[in-house]
Amino acid sequence: MKLPNLFQKKLTPEGFWTWFAANAEALKTGDLERNMVQIGEKLAQVDADFCPGLAPLPTHFQLEISAGGIKSVAPRVLEMVRAAPSIPGWKIVAFRQPMDPPCIRMGNQEIDLAHTKFVVTGRDQNLLNIRLFVPVPVDCPKDILGEIGFLGLDHTLGEEMVMTRLGEIEFDNIVSAPPTAQLISELAIILSGS
């Protein structure tokens, strides 16, 4: 649970976009991680549940405003993105967008999230329930395993599809995957057809 910072100055969406437009060119240069932190601090002044994503793409920079996977935050994210002005060289989007799952490092081990697998465990109305098998070390704590699993889902499907098309998600280690488990890339195909 996030606690509000009582000493942090609140910012309106319009105030954030004014700041962002004034700093848009500078945010394309320098350290990407530092710029993400700066954007995140400003976004938190608007709404503590907003999470930024910053991606330098071949033709433009993309700013993603994420709901952090929290369905109740999604309408506020949509309002925030609708309030965005047109900023040359930038595309502003709601939610984490689908892209190739990343490779991440855990200690000295590289983990390719494209090797994540799943099985369908059922349906609840129009939501698909799944069990996700994440390629992490066997001793990985369950909470970290879940966070990495959500990272793989968000990158593969996009945050909006995860929030609106998936129901119950169980997380397990890849060593527990049955032979019938499919690669996570197949999940997008299944959800597109259902």
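In this text the structure is predicted, and so the values were computed from the model without any measurement.

Cut-off values and rules
- Residues numbered from 1 in each chain as written.
- Predicted model: local features only at pLDDT ≥ 70, side-chain atom pairs only at ≥ 80, totals over all residues.
- Heavy atoms only, no water.
- Helix = DSSP H or I, 4+ residues; strand = E, 2+ residues; numbered from the N terminus.
- Buried < 20%, exposed > 50% of the residue type's maximum accessible area, 1.4 Å probe, protein only.
- Contact = heavy atoms within 4.5 Å.
- Areas by Shrake-Rupley, 256 points an atom, 1.4 Å probe, with all protein chains shown as cover.
- Lys, Arg positive; Asp, Glu negative; His and termini not counted.
- Charge placed at Lys NZ, Arg CZ, Asp CG, Glu CD.
- Pairing = 2+ DSSP bridges.
- Axes fitted to C-alpha atoms, helices over the stretch in contact; angles between N-to-C directions.
- Phe/Tyr/Trp six-rings, centres within 6.5 Å; stacked < 30°, edge-to-face > 60°.
- Core = buried A, V, L, I, M, F, W, Y, C linked by side-chain atoms within 4.5 Å.
- Parallel < 35°, antiparallel > 145°, perpendicular 65-115°, else oblique.
- Left-handed = near helix turned anticlockwise from the far one by under 90°.
- Nonpolar A, V, L, I, M, F, W, Y, C, P; charged D, E, K, R; others polar.

Remarks on the overall build of the protein chain
- For the protein chain, the count of helices and strands is 6 helices and 9 strands.
- Considered along the principal axes of its C-alpha atoms, the protein chain spans approximately 55 × 40 × 40 Å.
- By the burial criterion, 40% of the 194 residues in the protein chain qualify as buried.
- Long-range pairs, those at least 24 residues apart, make up 65% of the contacts in the protein chain with a sequence separation of at least 6.
- Accessible surface for the protein chain amounts to roughly 10800 Å². Of this, 56% is attributable to carbon and sulfur atoms.
- Here the protein chain contributes 17 positively and 23 negatively charged side chains, and the mean placements of these two sets differ by 4 Å.

A short note on the sheet that holds strand β7 (residues 127-134)
- Sheet architecture is open: 4 strands sit in the order β8-β7-β6-β9, paired in mixed fashion. Both outer strands of the open sheet, β8 (166-173) and β9 (182-183), are each paired with one neighbouring strand and no more.
- As paired strands, β7 and β8 are joined by 6 bridges and run parallel to one another. Across the sheet, Leu128 pairs through a bridge with Leu166, a residue of β8.
- Lying on the sheet, helix α4 (residues 142-157) is in contact with β7 and β8; it crosses β8 at an angle near 125°.

Considerations on the packing of aromatic side chains
- For the structure on display, the rule yields 8 aromatic pairs.
- Ring geometry for Phe16 and Phe20: centres 5.9 Å apart, planes at 25°, overall stacked. Here Phe16 and its partner Phe20 are both found in helix α1 (residues 13-23), 4 residues apart, which amounts to about one turn of the helix. For the pair formed by Phe16 and Phe20, the shared burial category is buried.
- Grouped by ring-pair contacts, the aromatic residues Phe16, Trp17, Trp19, Phe20, Phe61 and Trp90 constitute a single cluster.

Details of the nonpolar core
- Residues Phe16, Trp17, Phe20, Ile39, Ile65, Val77 and Trp90 are the most contacted members of the largest nonpolar core, which totals 28 residues.
- Taken together, the elements giving at least two residues each to this core come down to α1, α2 (32-46), β2 (61-66), α3 (74-82) and β3 (90-94).
- Trp90 has contacts with Phe20, Ala24, Leu27, Lys28, Leu54, Phe61, Gln62 and Leu63, leaving out every residue within four places of it along the chain.
- Leu128, Cys140, Leu145 and Ile184 belong to the second-largest nonpolar core, a separate cluster that totals 21 residues.

Comments concerning the environment of Met163
- Structurally, Met163 can be placed in helix α5 (residues 159-165).
- Sequence-distant contacts of Met163, defined by excluding residues within four places in its chain, comprise Ala67, Gly69, Ile70, Lys71, Ala74 and Phe95.

Regarding the packing of α1 against α2
- Contact pair α1 / α2: the axes reach a minimum separation of 9 Å and the direction vectors enclose 160°. As the angle between them shows, α1 and α2 are arranged roughly antiparallel. Seen along the crossing, α1 lies across α2 with a hand that is right-handed. Contacts from Pro13, Phe16, Trp19 and Phe20 in α1 reach Gln38, Ile39, Lys42, Leu43 and Val46 in α2.
- Partitioning the contact of α1 with α2 into residue classes produces 7 nonpolar, 1 polar and 1 charged.

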